[in-house]
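Spelled out from the first residue to the last, the chains are:
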Amino acid sequence: MSILVFIESNKNEIKKSSFESLSYAKKLSKLISSDVIALTINCSEFTPLGDFGPDKIISIKDKKLELFNAHNYADVISNVSKSVSAKNIIISDSINCKYLASLLSVKLNAAFVSNVVSIPNSTKPFIVKRSTFSNKAFCEIEINSEIKILSISKNSIGLNKSKSKPIILNSEINFNESGLASESIKVSSGSVSIEDADVVVSAGRGLKGPENWNIIEDLAKTLNAATACSKPVSDMGWRPHSEHVGQTGKPVSTNLYIAIGISGAVQHLAGVSSSKVKVVINTDPEAPFFKIADYGIVGDAFEVVPKLNQKLKAFKAENN
Amino acid sequence: MKILVCISCVPDTTSKINFNNNNTEFDNSQIQYVINPNDEFGLTRAIWFKENDGAEIDVISVGLDNSDQILRKALAIGADRGFRINQEALDSFQVAKLLSNHIANNNYDLVIAGRESIDYNGGMVPGIIAEILNFNYVTNCIGLEIIDKSAKIKREIEGGIETLHCRLPLIIGAQKGLVEESDLKIPNMRGIMQARQKPYEIIEDKTEEIKTKTLRFEKPESDKEIKLVSPDNLDELIHYLHNEAKVI
Ligand SMILES: Cc1cc2nc3c(=O)[nH]c(=O)nc-3n(C[C@H](O)[C@H](O)[C@H](O)COP(=O)(O)OP(=O)(O)OC[C@H]3O[C@@H](n4cnc5c(N)ncnc54)[C@H](O)[C@@H]3O)c2cc1C
Ligand SMILES: Nc1ncnc2c1ncn2[C@@H]1O[C@H](COP(=O)(O)O)[C@@H](O)[C@H]1O
């Protein structure tokens, strides 16, 4: 029996969430005594994977898989799973992984459970906890299919190092090429994406207008953070939709979330509350965000943010 | 062009989430149900296809009779025919299988679902349908144009936007951006009156395809103590973030 972990990489750089998937698989392997197989696609840098304990790496290199295509990738993962008789497939909660997982689940006749936040508390029956109602609650799910696909909620398990010397297997896999073709990819210039960021600096209507976002961007730059915003801010066109976070926007589960001039409406909190540490900066001490934050500053963003940025810059300079 | 919009009926976003029966059941006593927001963006896009290209629009939901009012609203906004598959939605596979049965019998060119439902947050139903029926599938969809059975689709990716194309049939997972918030339609009196005359069918169908079971619920830990820092003492915040929270 094997646990298969799909590793996402981009030009040999492995995504941090894939290390978390491996950490999860390693923990699971102890409960069900399986070996852990990492599957890479068009990746040549395997060393970092060895820090997280896979027994084997299956490496697939194929020009036709250079661009992500959910149909093609699902077919590849399905064929590899079958070839190693994987019973558990672990992926991250990234946009692409969730996209391919539903396709994969049909190919393997497997259950797919997304937003998983913990190691199973029982494996017979197989029961895992996932977040639901946009992070307003968790639920325990019993999975009854023989093959299971779990996508792991970012930062819920954390990274757990365990060194191994995996065997590397170069493998060739046939797949059916999908009729869905990519034309172009437009990357937002130079910024950190919300999905990948360890720190997110988010701002709301309290900022008064798009012309004031320079203080947010400066702070984000200092912290190597992604910028995000509340829904009205993107609805008014102050910031792009891709920055809208919350129940109807993107979920954020980052290490540090800084909310500036955001009141903390339920729909906003629903999407960001699973972030580890939350800081709020708001003039109104009654703003609901203060109820769920770890640290708070009652103050004017236009004074606090530039000052905080200066101090953080000095701190970073000293500590690097 | 024939379009089906899959609608999930979800608690209004302001709802307080509570559970009954030892946390094994969702407490729906105080709950207002609405069209899942992602599905509403999809529905609006479908209505544009109707207005501009004369598309025909069906709406469908898997659920019990509390979904009827939601489907009626979709008809009042502009859909042509409503269907409800009379089963309690228990699992994504089950819902997707039931929807697939209907789609297989109705020759849709385009199926529009939401990126995810805001209650279960599975993000799975449209993908499962796509694979069962061998449709092309694009989720996180923020743009869709169709000319002569060819679709051009924009999809949000991490840190950017991808443009794709394919032939129909296609199923998408819609989200905000496909249309804007300000484009959403509120049913008017005329629409509501017309909706009463529109075909509405209750389908009896079932499936054994259930792979998961929700056992119980749990709410996150309640409010924790916040540490307030004075705006004149920002070094203290940096100290906390570095030494206590260890996030910088
Ligand atoms: C169906 C539905 C779905 C929704 N989904 C989402 C979602 O996904 N994400 C989301 O964010 N919202 C969502 N909302 C909207 C949500 O209800 C709130 O309206 C929104 O989050 C408020 O945004 P805000 O905090 O930026 O603005 P406001 O609520 O107007 O808050 C602005 C805050 O800034 C503070 N402020 C003002 N001046 C300053 C200053 N100089 N310095 C510091 N602070 C200042 C104020 O005290 C106030 O707390 C949704 C709503 C609905 C109905
Ligand atoms: N019970 C249902 N009836 C009809 N469509 C549904 C139902 N549940 C989910 N869907 C569709 O599938 C999408 C994704 O749902 P989910 O997989 O539950 O996150 C929703 O946005 C709907 O379009």
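Residues numbered from 1 in each chain as written. Chains lettered and ligands numbered in written order. Predicted model: local features only at pLDDT ≥ 70, side-chain atom pairs only at ≥ 80, totals over all residues. Heavy atoms only, no water.

Student: Help me understand the nonpolar core in this model?
Tutor: One recurring pattern in soluble globular proteins is that nonpolar side chains are buried together. Core analysis: the largest hydrophobic core is formed by 128 residues, its most contacted members being A:Leu150, B:Leu144 and B:Leu170. Aside from chain neighbours lying at most four places away, what touches A:Leu150 is A:Tyr24, A:Ile89, A:Ile90, A:Ile91, A:Val113, A:Val116, A:Phe126, A:Val128 and A:Ile143. Residues A:Ile260, A:Val277, B:Leu237 and B:Leu241 belong to the second largest nonpolar core, which totals 36 residues. (Core = buried A, V, L, I, M, F, W, Y, C linked by side-chain atoms within 4.5 Å. Buried < 20%, exposed > 50% of the residue type's maximum accessible area, 1.4 Å probe, protein only. Contact = heavy atoms within 4.5 Å.)

Student: I would appreciate a short explanation of the environment of B:Asp58 in the present structure.
Tutor: Residues and elements named next belong to chain B. Looking at where Asp 58 falls in the secondary structure, it is placed in strand E6 (residues 56-62). In this structure, the C-alpha to C-alpha distance between Asp 58 and Asp 80, residues 22 residues apart in sequence, is 5.8 Å. Setting aside chain neighbours within four positions, we find Asp 58 in contact with Lys 2, Ile 3, Leu 4, Val 5, Arg 81, Phe 83 and Tyr 108. Reaching out from Asp 58, the side chain makes a polar contact with the side chain of Tyr 108 at a distance of 2.6 Å. (Helix = DSSP H or I, 4+ residues; strand = E, 2+ residues; numbered from the N terminus. Polar contact = N/O pair within 3.5 Å; in protein donor to acceptor, adjacent residues only side chain to side chain.)

Student: Sorry, what's going on with the packing of helix H8 (residues 301-319) of chain A against helix H6 (residues 234-244) of chain B here?
Tutor: A packed helix pair is summarised by two numbers, namely the angle formed by the two axes and the spacing between the axes. The interhelical angle for the contact between H8(A) and H6(B), taken along N-to-C directions, is 50 degrees, at an axis separation of 10 Å. Classified by the angle between their axes, H8(A) and H6(B) sit oblique to one another. As for how H8(A) packs across H6(B), the hand of that crossing is right-handed. For the pair H8(A) and H6(B), the contacting residues are A:Val304, A:Lys307, A:Leu308, A:Lys311, A:Leu312, A:Phe315 and A:Asn319 in the first and B:Leu234, B:Asp235, B:Leu237, B:Ile238 and B:His242 in the second. Looking at the contact of H8(A) with H6(B) residue by residue, the class counts come to seven nonpolar, two polar and three charged. (Axes fitted to C-alpha atoms, helices over the stretch in contact; angles between N-to-C directions. Parallel < 35°, antiparallel > 145°, perpendicular 65-115°, else oblique. Left-handed = near helix turned anticlockwise from the far one by under 90°. Nonpolar A, V, L, I, M, F, W, Y, C, P; charged D, E, K, R; others polar.)

Student: So what exactly am I meant to see when it comes to the side chain of B:Arg155 here?
Tutor: Following the sequence through the fold, B:Arg155 ends up in strand E10 (residues 150-157). Given a relative accessible area of 2%, B:Arg155 falls into the buried group. Beyond its immediate chain neighbours, meaning those up to four positions away, B:Arg155 contacts A:Phe68, A:Ile95, A:Asn96, A:Tyr99, B:Val138, B:Thr139, B:Asn140, B:Ile142, B:Gly160, B:Ile161, B:Glu162 and B:Leu164.

Student: Which parts of the structure should I look at to understand the side chain of A:Ser102?
Tutor: Here A:Ser102 lies in helix H3 (residues 95-107). Overall, A:Ser102 belongs to the buried group, its relative accessible area being 0%. At 3.5 Å, the side chain of A:Ser102 forms a polar contact with the backbone oxygen of A:Tyr99. When neighbours within four sequence positions are excluded, A:Ser102 is seen to be in contact with A:Phe112, B:Met124, B:Gly127, B:Ile128 and B:Tyr137.

Student: Sorry if this is basic, but what is going on with the environment of A:Gly209 here?
Tutor: Inspection of the secondary structure puts A:Gly209 in the loop between strand E14 (199-203) and helix H4 (214-222). With 29 residues separating them along the chain, A:Gly209 and A:Trp238 place their C-alpha atoms 6.7 Å apart.

Student: What am I meant to see in the pairing of strand E11 (residues 160-167) of chain B here?
Tutor: The two faces of the sheet receive side chains in turn, since in a regular strand these alternate between them. Bridge count for strand E13 (residues 181-187) of chain A against E11(B) is six bridges, and the pairing is antiparallel. Along E11(B), the bridge assignment pairs A:Lys186 with B:Ile161. In sequence, E10(B) turns back onto E11(B) through a hairpin of two residues, with B:Gly159 there showing a positive phi of about 75 degrees. (Pairing = 2+ DSSP bridges.)

Student: Please explain the sheet that holds strand E9 (residues 136-147) of chain B as it appears in this structure.
Tutor: By way of backbone hydrogen bonds, the strands of a sheet pair with one another, either parallel or antiparallel. Strand order in the open sheet made by the 10 strands is E13(A)-E11(B)-E10(B)-E9(B)-E12(B)-E8(B)-E1(B)-E6(B)-E7(B)-E13(B), with mixed pairing throughout. Strand pairing shows two members of the sheet lacking a second neighbour, E13 of chain A together with strand E13 (200-203) of chain B, which therefore form its edges. Each strand of the sheet is rotated relative to its neighbour by a mean of 25 degrees, with strand direction disregarded. Of the pairings in the sheet, the one linking E9(B) to strand E12 (residues 170-174) of chain B comprises four bridges and is parallel in character.

Student: Help me understand the pattern of salt bridges, please; the structure alone is not making it clear to me.
Tutor: Oppositely charged side chains may form a pair once their charged atoms are brought near each other. Within this structure, the stated rule accounts for 31 salt bridges over all chains. Salt-bridge contacts for B:Glu181 lead to A:Lys231; the nearest nitrogen and oxygen are separated by 3.1 Å. Of this pair, B:Glu181 sits in the loop between E12 and helix H5 (189-197) while A:Lys231 sits in helix H5 (residues 231-235), placing the two residues on different chains. Note on B:Glu181: relative accessible area 26%, which makes it partly exposed. Note on A:Lys231: relative accessible area 26%, which makes it partly exposed. We note a salt bridge from B:Glu244 to B:Lys227, for which the minimum N-O separation is 2.7 Å. (Salt bridge = Lys/Arg side-chain N within 4 Å of Asp/Glu carboxyl O.)

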